[in-house]
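Analysis of the macromolecular model
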Amino acid sequence: PGTGKTTVASGICFGFVHQCRSISSNTKVLACAFSNVGADNLAEAVLKLGLKVVRVGKASATMESLWDHTLDAAINRDPEAQKALENAAWATSQLTQNKNKSGQSKKGNKSSKSSMLSEKSKRDVATAAVKASIQASNVAATKALREADVIVCTSTGAADKRLLAACGIVMDDKDEWESDSRLNDKKREKKSISTSLSQNESAPRRDAPDGLPPLSLPFVVVDEACQSVEPANLIPLTSTNSCRSLVLLGDPCQLPPTVRSDPSSPLSVSLMERLAATLPQPVIVTAKTDTTEAD
């Protein structure tokens, strides 16, 4: 600890940002760490270099000094998203009040057909308002991510739905088709298989929620790589299906991955440690060991 791995990670992010600017305005750098504290430290180090950072994750798990740089803060600053969220909150509160009133009326009288229709209409209004608030929040989040140079999150936070939506990857709403009684078990199984295949294929992506081309994250930097179990490190590599350059930073002699069930489990070996043992040893050339003849 204290050797400057996070400082080196921020410097690598700085170099990747300049490459992104030469590629496209839709190309960003994804910087991750295993813990929230590690992600916050990485975000602060990148901010000191003068780059624009968006911290993806729960604001409650983020340092107070980074609250203004969180994705939630960007959504709160967007007036359209705030209006949509207020409408959704009001519609859901009306639905709750209607349920309480209907429950009290059922004790003395049978519910009339008109009250049932009113309850259904309020439920439809609440559903539409919630969907509109999610869409407005995704639009605001995408706008904030477009303005950033580096997107910082935890390793598991790289699967945030708002980040995936900005990258043109839309997760299926399982509740919508699972609740449809017209779909039998075979059709559900067929749909799930086709969905998984479509996600793995390199098909053209959808537009981002703001109607512009989706973001791409070809440069991924992972700090605290040796403290994370391998599946967690694979999330930022595969979630957006756009990683082309990967940098892992960590110390295998410091803290191993936390595995409570079985210390001898394969999960106790981090991705960085496994790659270091599998790939050829790096060749380090210093001034003392350099035998090249000077011209």
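Described in the following lines is the structure provided in the data block. Values in this document were obtained by computation on a predicted structure and should not be read as measured data.

**Quick word on the overall build of the chain**
- Regarding its fold elements, the chain presents ten helices and five strands.
- Here the chain, with 295 residues, has 38% of them falling under the buried criterion.
- As presented, the chain carries roughly 18,100 Å² of accessible surface, and 55% of it is formed by carbon and sulfur atoms.

**Overview of the nonpolar core**
- In terms of nonpolar packing, the biggest core is built from 30 residues, with Leu-30, Val-56, Leu-71, Leu-145, Ile-151 and Leu-163 touching the most fellow members.
- For this core, the elements supplying multiple residues, two or more each, are β1 (27-33), α3 (71-77), α4 (79-108), α5 (113-147), β3 (150-154), α6 (161-166) and β4 (216-223).
- Per-element tally for this core: the top contributor is α5, with five residues.
- Those residues within four positions of Ile-151 in sequence are excluded, and the remaining contacts are Lys-28, Val-29, Leu-30, Ala-31, Val-54, Val-56, Leu-145, Leu-163 and Leu-217.
- Ranked by size, the runner-up nonpolar core spans 21 residues in total, among them Val-17, Leu-51, Val-152 and Phe-219.

**Quick notes on the packing of aromatic side chains**
- Enumeration according to the criterion identifies one aromatic pair in this entry.
- Centre to centre, the rings of Phe-16 and Phe-219 are 4.6 Å apart; their planes meet at 20°, and the pair counts as stacked. In this pair, Phe-16 sits in helix α1 (residues 5-23) while Phe-219 sits in strand β4, placing the two residues 203 residues apart along the sequence. Like Phe-16, the residue Phe-219 is buried in the burial classification.

**Focus: helix α9 (residues 230-238)**
- If you check which residues of α9 are buried, you get Glu-230, Ala-232, Asn-233, Pro-236 and Leu-237. Each buried residue of α9 lies within a common arc of 170° when the element is viewed along its axis, so the set occupies one face.
- Buried residues along α9 sit against β1, β4, β5 (245-248) and α10 (271-278).

**Notes on helix α2 (residues 36-47)**
- Taking 1.5 Å per residue as the helical rise, α2 with its twelve residues ought to reach 16 Å, and the 16 Å between its terminal C-alpha atoms agrees with that figure.
- Taken residue by residue, α2 has Gly-38, Ala-39, Asp-40, Leu-42, Ala-43, Ala-45 and Val-46 as its buried positions.
- Against the buried residues of α2 lie α1, β1, β2 (53-55), β3 and β4.

**Quick look at the pattern of salt bridges**
- Going through the model one piece at a time under the given rule, you end up with six salt bridges.
- Arg-146 is the salt-bridge partner of Asp-210, the closest N and O atoms lying 2.6 Å from each other. Highlighted residues: Asp-210 in the loop between α8 (185-200) and β4 and Arg-146 in helix α5, separated in sequence by 64 residues.
- Among the residues examined, Asp-210 registers a relative accessible area of 22% and is labelled partly exposed.
- Notably, a salt bridge pairs Glu-230 with Arg-274, separated by 2.7 Å at the nearest N-O pair. You can see Glu-230 sitting in helix α9 and its partner Arg-274 sitting in helix α10, a full 44 residues away along the chain.
- Connected via shared salt-bridge partners are Asp-72, Asp-160 and Arg-162.

What counts, and where the lines are drawn
- Numbering of residues starts from 1 in each chain and follows the order in which that chain's sequence is written.
- For a predicted model such as this one, the threshold for reporting local features is a pLDDT of at least 70, and the threshold for listing and counting side-chain atom pairs is 80 or more; totals across whole chains, interfaces and linings nevertheless cover every residue.
- Just so you know, side-chain values use all the structure's heavy atoms and leave hydrogens and water out.
- By the criteria applied, helices consist of DSSP H or I runs no shorter than four residues and strands consist of E runs no shorter than two, each listed in order from the N terminus.
- Between buried and exposed lies partly exposed: a residue is buried under 20% and exposed over 50% of the maximum accessible area for its type, with that area taken using a 1.4 Å probe on protein chains only.
- Per-residue and other accessible areas were derived by the Shrake-Rupley procedure at a 1.4 Å probe size, with only the shown protein chains allowed to occlude residues.
- Within this scheme, the nonpolar core is defined by two criteria: the residues are buried Ala, Val, Leu, Ile, Met, Phe, Trp, Tyr or Cys, and they are joined through side-chain atoms within 4.5 Å.
- Should any heavy atoms of two residues lie within 4.5 Å, those residues are considered in contact.
- Side-chain rings of Phe, Tyr and Trp, where Trp is taken by its six-membered ring, are said to pair if the distance between their centres is within 6.5 Å; with planes under 30 degrees apart they count as stacked, over 60 as edge-to-face, and otherwise as tilted.
- The arc in question is traced by the directions running from the helix axis to the C-beta atoms.
- The span you would expect from a helix comes to 1.5 Å times its residue count less one.
- A pairing counts as a salt bridge when a side-chain nitrogen of Lys or Arg comes within 4 Å of a carboxyl oxygen of Asp or Glu.

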